Structures are given as C-alpha cells and as structure tokens.
Amino acid sequence: MKIIFQFTLLACFCFSLSLPVPAQDNPLRIISMPKPALPIGDAPHARGSIRLKIQFFADGTIGTITPITQLTESLSTLAVEAARKIEFEPEIKGGEPTLRVMVVDYPYCYGFWRSCDEIAGSTLAYGDLQSETVIKKAIQNLGGERYLGVKSQIGRGRFSIFKDSVLVSFQTFTDVIVFPEKERTEFKDASGRSVQVNNGSTGWVYDGATEKVRDQDEAQVKSFKQGIRTSLDNLLRGYWHGDAELTYVGKRAATLGKRNDVIKLTYKDGFAVEFEFAADDGLPAKAIYKRTNADGEEVKEEDRYAQFVDIAGVRTPFIIDRFTNGVPSSRINYESVEFNKPIPDSAFAKPASAKDAKRDVKF
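On a predicted model such as this, the values are computed, not experimentally measured, just so you know.

Rules used throughout
Residues numbered from 1 in each chain as written. Predicted model: local features only at pLDDT ≥ 70, side-chain atom pairs only at ≥ 80, totals over all residues. Heavy atoms only, no water. Helix = DSSP H or I, 4+ residues; strand = E, 2+ residues; numbered from the N terminus. Contact = heavy atoms within 4.5 Å. Areas by Shrake-Rupley, 256 points an atom, 1.4 Å probe, with all protein chains shown as cover. Phe/Tyr/Trp six-rings, centres within 6.5 Å; stacked < 30°, edge-to-face > 60°. Buried < 20%, exposed > 50% of the residue type's maximum accessible area, 1.4 Å probe, protein only. Lys NZ or Arg CZ within 6 Å of the ring centre and 35° of its normal. Arc of directions from axis to C-beta.

(A) Representation of the overall build of the protein chain. The helix and strand tally for the protein chain stands at eight helices and 20 strands. Once local pairs closer than 6 in sequence are excluded, the contacts in the protein chain between residues at least 24 apart make up 52%. Accessible area for the protein chain stands at about 20,300 Å²; split by element, carbon and sulfur atoms hold 54% of it.

(B) The packing of aromatic side chains, seen in detail. Applying the stated criterion to the full structure yields eight aromatic pairs. Between Phe56 and Phe88, the ring centres sit 4.9 Å apart and the planes meet at 85 degrees, which makes this aromatic pair edge-to-face. Taken together, the residues Phe56 in strand β2 (residues 47-56) and Phe88 in strand β4 (residues 87-89) connect sequence positions 32 residues apart. Residue Phe56 shares its accessibility class with Phe88, and that shared class is buried. Arranged with centres 6.2 Å apart and planes meeting at 35 degrees, the rings of Tyr267 and Phe271 form a pair that is tilted. Taken as a pair, Tyr267 and Phe271 share a single burial class, namely buried. Put simply, the rings of Phe173, Phe318 and Tyr334 touch in pairs and so form one group of aromatic residues. Sitting over the face of the ring of Tyr267, Arg229 holds its NZ or CZ atom 4.3 Å from the ring centroid. Directly above the aromatic system of Phe323 lies the positively charged group of Arg304, at a separation of 3.8 Å from the ring centroid.

(C) The environment of Phe277, seen in detail. Summarising the element assignment, Phe277 is placed in strand β16 (residues 272-278). For Phe277 and Asn260, which are 17 residues apart along the polypeptide, the C-alpha to C-alpha distance reads 5.2 Å.

(D) Spatial organisation of helix α2 (residues 73-83). Turning to α2, its buried residues number three or more, namely Leu75, Ser76, Leu78, Ala79, Ala82 and Ala83. For α2, the buried positions fall inside an angular range of 160 degrees around the axis, keeping them on one side. Those residues of α2 that are buried are in contact with β2, β3 (62-69) and β7 (100-109).

(E) Layout of unusual backbone geometry. Cis geometry marks the peptide bond from Phe179 to Pro180, where omega comes out at 10 degrees. Assignment of secondary structure puts Pro180 in the loop between β9 (166-178) and β10 (182-189). Unlike most non-glycine residues, Asp164 shows phi in positive territory, near 55 degrees. Among the structural elements, Asp164 can be located in the loop between β8 (152-163) and β9. With a phi angle near 50 degrees, Asn325 is a residue other than glycine that sits in the positive phi range. As for its position among the elements, Asn325 is in the loop between β19 (314-324) and β20 (327-339). For Asn325, a relative accessible area of 48% puts it in the partly exposed group.

So, in structure tokens, the structure goes:
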C-alpha cells in the first residue's frame, strides 16, 4: 500500500505539470522617472502642469510623446526631454509584453518642477522648499501673476549720493528696463545729460560734458552684470536658474519685535547675495552682498526697500536705499513707474555720433 501511495502521488504531480499554466498579466511599472531640467536664463514663471501622452513600447523604449496641455513651449520641451529618459518594465498581457499608452503629468510652479501646493505644504528639503515658499509668498504679495507678467519697466525719479551720511549731489533719471538684461539710464543734473546703456555683455556710455560716445570697458560691463545678480527681480522672476543655488538661511532680527526670513543665492563663481523678507507680510526688505572696491578693499553693500506702491496691481518699492559698510551712500527715489510699455530695440542701440546720442528718446 505504501508503494501504491507513492506511485499515486507521483502520478498526480506529473499530471499537474502537464496542465497549461495561465499566462500572468502585469501592469506597466515605472522604474525611474527623472524630473525635467530647470529652465536656464529667463525662466517662465507659470503654474500648472505639462501633460504628456506617452507611448511605452513592448521592447522597453519610449515612443511618441504628445503634449496634451502645456504652459510654454520651452517648458514642454524640457518635459519631453525628461520623459524620454523614463525607465520602465512594459505591460504584460497574455504573457507577452505589449504597447501601453499613458498620460503623465509634470507639475510646474514659478520656476520649479513640482506643484505649488507641494511647495507650500512641504517642510522637506528638495531644492530648499523653505526658500521656495518664501519666494512664493513674496511674489503673491507683490501682485502674483501680474508681477510675474512684467516684461519691461520705465522708472523716473531722483538719484541722490551721500558722503558721511550727508547729501552731496543728486540727479534726475529715466531708467528703462527690458528684463532680464537690457537697461538704458539717462541722468540729468546741472552739468548736463549722460546716458548709460547695457545689453547683456555689451554696453556704451554717452558723456554730455565731453560730448563723446564710447563703449563700456570690461569693469563697467561686469558691474552691470553684478547689479543684475543682486536685484530683487532677478531673484523673484528666476533669471538666476542654472547659474546659482538657492538656500534658506533662517530668521534674522529686523525692527523691534519683528524678524525677517533670509534666503541666499550662491553663484557658481562663489559670489553670494542674501535677501531678507518680512516674516509677517512677505514683502522684500533687503539685499546684502560683498564687493571689492577700486582700492581692492572688501565692502559690504546693503539695499533696503521701502515705500511699496501699487501700480495696476503690481507693488513696487519707490525707495531703495544703499548702505555701504553700514553708512548711507545713495538713494533711488522713484516718482513714477510704468510697466509693460513697448520699448523699441533702437533705445539700446549705440548711436553713430554724439549728435545722435543727444537726441531725446521718447518712451
């Protein structure tokens, strides 16, 4: 009986092996899904999602990628490039790999590849979310989408210079900016009129006293570029992306009973600038950085923002005080600011002669 039992059991086992095994179905599995690269230069400041329809082929490769929704063409390009790097295991149907078409979302918020809710609700560090939250709050309090939608600015006012905290001179000015790197500033005082124009890595100057037009030297162009790096608009509109790293420093004492949130931009060459924002209302308060003066000495510069004025839904500081080593050195006092007026390229073109440079340009 024992032998028969063993034979019967073996026969049953062999019979079970001869039965067809049902093919197992498995869903598509994402192994790796890299985030898109950060925008370089003039980063689009939008919020929403890039939605892509993607073909996941049976051989484990990515096929056609079709944008369903997009914020800007440049962001869609970055999202598509990232989607092509997705690693996955194909879907299995009837025991065989098969084509699967899926829709994938890439959330984007004001220069960062994640949703605004994720940024605001997270306390974890990814691209330093604390800094991103401070920036988001500042943008909203300066006008939100209207602030981010500013492409050009025309400001008029008075520029004052101080020595030992005493006013020594002042000039009226008209400052024309096409963001991020075009600027034309005209100064007028008792001695006449001068013009300084920058366009990226080039620039020229008209000196009304000598009636000469000349190209800016390397030091002047470098100073202009440094000014862009330390500007509030450069930070909030994300023109620094790809060139610097953003970190959260912490809170710092401000006026009596108040504190500021401090964030820092550190550029690839080591230059760093700290920005302070009021912890309560999120408005910009200061920009602080160090530079080397003409004598080779390191000095601390501090720009303080005040008197925010609402212009068509955009709040902008009408007073910017510069402190050098803790002592007042200059003041920009705007009398008027206009946004998004058309600015012709001719405003930045170098004039052929001093006579041409003397002509008023109407804005």
